[in-house]
Amino acid sequence: MNYRHAFHAGNFADVFKHAILIGLIDALAAKPAPFCYIDTHAGAGRYDLRDEESRKTGEFVDGVRRLLVATSLADSLRPYFDLLRVANSAEANGHLNIYPGSPLIAALAMRAGDRITLCEAQEAETTALKNLFAGDRRVGVHRRDGYAALSGFVPPHERRGLVLIDPPFEAQEAEFRAIESALAAAYSRWPTGIYAIWYPIKLHRQVLPFQRWFAARDIRKTLVAELMVDADDSPLRLNGCGMVIVNAPWQFDACLARLLPDLARLLARSPRASHRIEWLTRE
């Protein structure tokens, strides 16, 4: 696997994914019982936007940087923005130089009694994760294939929690099939868990078989959210992204209905930007 997220950290897809992730964690934290967060493709955990990889692509400029230059920020994005500020609190210049990956976002948003399980296959990223969370007893880091490990981690002993599946999608069709296989096995063991699956969109028709799979497998209560920052008329660029949420929390569709229009206005690359929220399956 050649993918390295450092080249893409803080892009529009990260803003979309992490704003939703914070909403899901907040929904779990609304109840006092502890919960577990499982990340199958954790990455390095944090990224410095001043590093060569980030500066080479500059993808964060049309992503998280747009929050910093916005004349006003919608209330729906305030929890995400506030967490970014916390992640950068050690920066002497007060700028947003550090972009937190999903593991660090989860760690900052979760409570002392909750638990985090991180899987990462690449050695350098695993080492970075272990260094980042060396003093955090809530966090377990595993150098393992997240797909293969997932069914062994569920159900967690807390019986409440969230699984984030956010793979690199180096080969799109193969990645969708791998997700389906891992999710089917995990869901059979833990049908009440929340599963959030991120995916890229170049041409929208390419993701339709994956979305239909949930109904075919009789996986209930499945919500999809999509953000298109441009028209899906080119397979050569990332035009948008989506997230399927299995067992979406109560009224989470209403939460997304407030968030997605604000994201579309903030991150649009053309007048053809759009967003979509739909139930793929009901209870």
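Counting from 1, residues in each chain are numbered in the order their sequence is written. It should be noted that, the model being predicted, local features are given only for residues of pLDDT at least 70 and side-chain atom pairs only at 80 or more, the latter also being counted only at that level, while totals for whole chains, interfaces and linings use all residues. The side-chain quantities take in all heavy atoms of the structure and omit both hydrogens and water.

### A few points about the overall build of the protein
Formally: Strands here are runs of E lasting at least two residues and helices are runs of H or I lasting at least four, both read from the DSSP assignment and numbered beginning at the N terminus. Only C-alpha atoms enter the radius of gyration; for comparison, a globular chain is expected to reach 2.2 Å times N to the power 0.38, where N is the number of residues. Any residue under 20% of the maximum accessible area for its type is buried, any over 50% is exposed, and the rest in between are partly exposed; the area is computed with a 1.4 Å probe on protein chains only. Here a residue-residue contact requires only that any non-hydrogen atoms of the pair lie within 4.5 Å. Using a 1.4 Å probe, the Shrake-Rupley method yields the accessible areas, and only the shown protein chains count as cover for residues. Working convention for charge: Lys and Arg count positive, Asp and Glu count negative, and His plus the chain ends are omitted. One atom stands in for each charge, and that atom is NZ of Lys, CZ of Arg, CG of Asp or CD of Glu.
Assigned secondary structure in the protein consists of 10 helices and 10 strands. Taking 283 residues into account, the globule formula puts the C-alpha radius of gyration at 19 Å, and the protein, at 18 Å, falls close to it. Projecting the C-alpha coordinates of the protein onto the three principal axes gives extents of approximately 45 × 45 × 35 Å. When each of the 283 residues of the protein is scored for burial, the buried share is 56%. Contacts spanning at least 24 positions in sequence make up 76% of the contacts within the protein whose residues lie at least 6 apart. Accessible area of the protein: about 12,600 Å², with a carbon and sulfur share of 50%. Taken as two groups, the 35 positive and 33 negative side-chain charges of the protein have centres that lie 3 Å from each other.

### Considering the packing of aromatic side chains
Here is the rule: Between 30 and 60 degrees the pair is tilted, below 30 it is stacked and above 60 it is edge-to-face, where a pair is any two Phe, Tyr or Trp rings, Trp via its six-membered ring, whose centres lie within 6.5 Å. Here, a charge over a ring is recorded when the distance from Lys NZ or Arg CZ to the ring centre is within 6 Å and its angle to the ring normal is within 35 degrees.
According to the stated counting rule, one finds 9 aromatic pairs in the structure shown. Both rings, one in Phe-169 and one in Phe-176, keep their centres 5.1 Å apart while their planes meet at 70°; by these two values the pair is edge-to-face. Taking 4.6 Å as the distance between ring centres and 25° as the angle between the ring planes, the aromatic pair formed by Phe-176 and Phe-210 counts as stacked. Residue Phe-176 is located in helix α8 (residues 172–189), and its partner Phe-210 is located in helix α9 (residues 208–216); the two are separated by 34 residues in the primary sequence. Aromatic ring contacts, followed pair by pair, group Phe-169, Phe-176, Trp-198, Tyr-199, Phe-210, Trp-213 and Phe-214 into a single cluster. In this structure, Lys-17 is placed above the aromatic ring of Trp-198, and the distance from its NZ or CZ to the ring centre is 5.4 Å.

### Let's talk about the environment of Ser-188
Condition: In protein, a polar contact means a hydrogen-donor-capable atom and an acceptor-capable atom, both N or O and within 3.5 Å, with residues adjacent in sequence counting only if both atoms are side-chain atoms; elsewhere, any N or O pair within 3.5 Å suffices.
With respect to the helices, strands and loops of the structure, Ser-188 is situated in helix α8. Residues Ser-188 and Ile-219, spaced 31 residues apart in sequence, show a C-alpha to C-alpha distance of 9.8 Å. Among the polar contacts listed, one links the side chain of Ser-188 to the backbone oxygen of Ala-185, at a separation of 2.7 Å.

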